[in-house]
Amino acid sequence: MTVTSASNENLRNVAIIAHVDHGKTTLVDAMFRQGGMIREGQIVNERLMDNMDLERERGITIAAKNCSVQWKGVKINIIDTPGHADFGGEVERALSMANGALLLVDASEGPLPQTRFVLEKTLAAGLKIIVIINKIDRKDARPEQVLDQVYDLFIDLDASEEQLDFPYLYAIGREGVAQAKPDEKGINLNPLMDMILEKIPAPAYMPDAPFQMLVSDLGYSDYLGRLAVGKVANGHARIKDPLVCIGADGVQCPLKVASLQTYHGPVLMDATEADPGDIIVLAGIDEVRIGDTICTRSTSKALKRIRVGEPTVGMRFTINTSPFAGQEGRYTQSRNLRERLFKETLRNVAIQVEETENREIFLVKGRGEFQLAIFIETMRREGFELTVGRPEVICKIIDGVTMEPIERLFVDCGESFMGVITEKISVRKGQMTNMINHGSGRVRIEFTIPSRGLIGYRDEFLTDTKGTGLLNTYFEGYDVHRGEFPSRYSGSIVSDRQGISVAYALFNLEPRGQLFIRPNEPVYEGMIFGEHNRGNDLNANPCKEKKLTNIRASGHDEAVILTPVRPMTLEWAIHFIREDELVEVTPKSIRLRKTILSAQHRHKHRG
């Protein structure tokens, strides 16, 4: 007997994928207005879906989020995905809820590395793709050439004949306009909304199958507890239904649905029942992880779990052990840190946490140092005090050979900067694979480079190109270890005592290197307050005051004028430190320090 599947024509589930800053979240805002979710004259924030403080500050999407719009009687569930490679785990789980995808490409920049990454995942999932050439109102827009580049990218990724025959539109997301040709004048997003209904397949399901749902995301409510988010694969979900949750090990945990919600615009609405294919939020499940299957007790069968790429970078997290510990944060104990780290693994499939021999030190693994820096910044805003070490790449041993993660690096810069960039990347064991020079004054260069070679290089790159260069990467795979190279040529200026920094002392130390602190800032022994000009560390006293005598020189004392100090950012601090140094992170401060604070003990350790 053949089992035929049906489809829910009242629904469409579509993910929006793109490189960073190609206009995904702005387009979602326009779709809200087009679908009537934002009424005329209503005052709302720009980038409505970027509801995290960090997302608004940095102008990027960090976490995948769900919302919905109504169009011609059909509910369109939209999944807004991150565009940065370090948040690839968010993209992979978001695609598990979608039946199609909108691929946004900037009309000037064209397909960039993250465009390739998200498109590769989408093609592998077999989703129907609509290509949107966005920002065609830019002065340097070149929509026809960019469309050709998109075709080349599809071919390069071994897309099938059916996938190559993708529909496409041109758009100005900021103005809420989509059109079939780049030179015609669009009016609204009607062409896009109609194309979604026409080209994106409705979610399929087995008519006689019982309820099944794959958990693709997790949430938490102070009133409802743990929330499980996912697409209904088969059957209907109802409140108070007796269900089971099947974990990774196949163990079934009984549960009862306490609350059922569906997306209505950017908010959740209570519902009594959900149809097959809809994206829902269930409450009443305490022990649930991303990738678990929730289904009926009578016919419990697990769906295929979500698999994400392995982490490539690890960092050691521990409690704050400096003399200033406990002065600025609410959570300072190792049990608080342990609880928070393992809570993150429940929400984020791309992060792994391992305990070490020392009960107060945890190894946190992720897709890149930027992802881990965002996690640390989130924790400090929650009131945590912690100390983190330098990012370390995770190598593999295959047939007795050490293999390390390799990135494909794309550089777009002025011709005059080509020499210094090539030299610095070669020192970091990078190898040039391609160079394109169109004679426009800018060049595009491709490299393969170890992931560890990129740690700390982005800041240098911006300095070397005077802020005009573009640098993008994506993870390519593992290759034979390319050998060691120096991570930093300069040493550290380390405080030799605890106290308050003094302008007179800092002024006299300025010739020795670049300082990180201002006068009247507290310091302690072992705290790093500057970068030494030479390769060795320098122990110095930043608290030394001018000797006061009753003998006065003719004239008057000169006023001390210090060089402005660069603001300490978390990413810069993580990139700066060496293997024997740590970053102390509190809600109010970011400090650099030696792992061993005492200068005497450091000297013995070296000896």
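Throughout, residues of each chain are indexed from 1 in the direction in which the sequence is written. Note on the predicted model: pLDDT of at least 70 is required for a residue's local features to be given, and 80 or more for side-chain atom pairs to be given and counted; whole-chain, interface and lining totals, by contrast, use all residues. Hydrogen atoms and water are omitted, and side-chain values are computed over all heavy atoms in the structure.

Regarding its fold elements, the protein chain presents 15 helices and 37 strands. Relative accessibility under 20% of the residue-type maximum defines a buried residue, over 50% an exposed one, and the middle range a partly exposed one, all with a 1.4 Å probe and only protein chains included. Counting only residues that meet the buried cut, the protein chain has 53% of its 607 residues in that class. For the protein chain, the share of sequence-separated contacts (at least 6 apart) that also reach a separation of at least 24 residues comes to 71%. Here the Shrake-Rupley method, with its probe set to 1.4 Å, supplies the accessible areas, and only the displayed protein chains count as covering residues. Total accessible area on the protein chain stands at roughly 29100 Å², and carbon and sulfur atoms take up 49% of it. Secondary structure elements follow DSSP: runs of H or I no shorter than four residues count as helices, runs of E no shorter than two count as strands, and numbering proceeds from the N terminus. Whether two residues are in contact is decided by their heavy atoms, any of which lying within 4.5 Å being enough.

Further remarks concern the pairing of strand 36 (residues 581–585). Successive side chains on a regular strand alternate, one facing one side of the sheet and the next facing the other. For strand 36, the buried fraction is high: 5 of the 5 residues fall into the buried class. A two-sided burial pattern is seen for strand 36, the buried positions comprising Glu581, Val583 and Val585 on one face and Leu582 and Glu584 on the other. Should DSSP find at least two bridges between two strands, the strands are regarded as paired. With 3 bridges connecting them, strand 23 (residues 386–388) and strand 36 associate as antiparallel partners. Its bridge partner lying in strand 36, Val388 is registered against Val583. What sits between the antiparallel neighbours strand 36 and strand 37 (residues 590–594) is a turn of 4 residues.

Within the chain, Lys135 stands out as a residue other than glycine whose phi angle is a positive 60°. Note that Lys135 resides in the loop between strand 6 (128–134) and helix 5 (143–156). Of note in the backbone geometry, Asp158 takes a positive phi value of approximately 60° without being a glycine. If you trace the backbone, Asp158 turns up in the loop between helix 5 and helix 6 (161–164). In this structure Asp158 comes out as exposed when scored by relative accessible area, which is 68%.

On to the pattern of salt bridges, then. By definition here, a salt bridge exists when the distance from a side-chain nitrogen of Lys or Arg to a carboxyl oxygen of Asp or Glu is within 4 Å. For the coordinates displayed, the defined rule picks out 32 salt bridges. Close ionic contact of Glu109 with Arg138 constitutes a salt bridge, the shortest N to O distance being 4.0 Å. Taken together, the positions of Glu109 in the loop between strand 5 (100–106) and helix 4 (113–124) and Arg138 in the loop between strand 6 and helix 5 put the pair 29 residues apart, joining distant regions of the chain. According to the relative accessible area criterion, Arg138 is partly exposed, its value standing at 29%. For Lys199, the salt bridge goes to Glu198, with nearest N and O atoms at 3.8 Å. The partly exposed category is assigned to Lys199, whose relative accessible area is 33%. Judged by relative accessible area, which is 61%, Glu198 ranks as exposed. One salt-bridge network, held together by shared partners, links Asp106, Glu109, Lys135, Arg138 and Asp140.

We now examine the state of the cysteines. The term disulfide is used for any two cysteine sulfur atoms that are within 2.5 Å. As enumerated under the stated definition, the model contains 0 disulfides in all. Cys245 provides the cysteine sulfur closest to Cys295, a residue in no disulfide bond, and the two sulfurs are 8.5 Å apart.

To continue, consider the nonpolar core. Leu103, Leu119, Val131, Ile133, Val150 and Phe154 are the most contacted members of the largest nonpolar core, which has 38 residues in total. Element by element, the count of residues in this core is highest for helix 5, at 5 residues. Put simply, a nonpolar core is a bunch of buried Ala, Val, Leu, Ile, Met, Phe, Trp, Tyr and Cys residues held in one set by side-chain atoms that sit within 4.5 Å of each other. Counting 31 residues, the second largest nonpolar core, distinct from the first, contains Ala373, Met379, Phe516 and Val583.

Viewed as axis vectors pointing N to C, helix 8 (residues 334–347) and helix 9 (residues 369–381) meet at an angle of 130°, and their least axial separation amounts to 12 Å. Taken together, the axes of helix 8 and helix 9 lie oblique to each other. For the crossing formed where helix 8 meets helix 9, the hand is right-handed. Residues Leu337, Arg340, Leu341 and Glu344 of helix 8 touch helix 9, and the partners they reach there are Phe375, Thr378 and Met379. Here the residues of the contact of helix 8 with helix 9 are counted per class, giving 4 nonpolar, 1 polar and 2 charged. A fitted line through C-alpha atoms serves as each axis, taken over the contacting stretch for helices, and the angle formed by two N-to-C directions is quoted from 0 to 180°. These descriptions rest on fixed angle ranges, namely under 35 degrees for roughly parallel, over 145 for roughly antiparallel, 65 to 115 for roughly perpendicular, and the rest for oblique. Crossing handedness is read from the near helix: turned anticlockwise from the far helix by less than a right angle, it gives a left-handed crossing, and turned clockwise, a right-handed one. Only Asp, Glu, Lys and Arg are considered charged, only Ala, Val, Leu, Ile, Met, Phe, Trp, Tyr, Cys and Pro nonpolar, and every remaining residue, Gly among them, polar.

Take the side chain of Ser492 next. Mapped onto the elements, Ser492 comes out in strand 30 (residues 491–495). We define a polar contact as two N or O atoms separated by no more than 3.5 Å, with the added condition that, inside protein, one atom must be a possible hydrogen donor and the other a possible acceptor, whereas residues neighbouring each other in sequence contribute only through side-chain atom pairs. In this structure the side chain of Ser492 is engaged in a polar contact, spanning 2.7 Å, whose partner is the side chain of Glu581. The residues contacting Ser492, other than those within four sequence positions of it, are Ile528, Gly530, His532, Asn536, Asp537, Leu538, Phe576, Glu581 and Lys594.

Here the focus is the packing of helix 4 against helix 5. The N-to-C vectors of helix 4 and helix 5 enclose an angle of 55°; their axes lie 10 Å apart at closest approach. Taken together, the axis directions place helix 4 and helix 5 in an arrangement best described as oblique. Crossing geometry of helix 4 relative to helix 5 is assigned as right-handed. Where helix 4 approaches helix 5, its residues Thr115, Arg116, Leu119 and Leu123 are matched on the opposing element by Leu153, Phe154 and Asp156. Partitioned by chemical class, the residues of the contact of helix 4 with helix 5 number 4 nonpolar, 1 polar and 2 charged.

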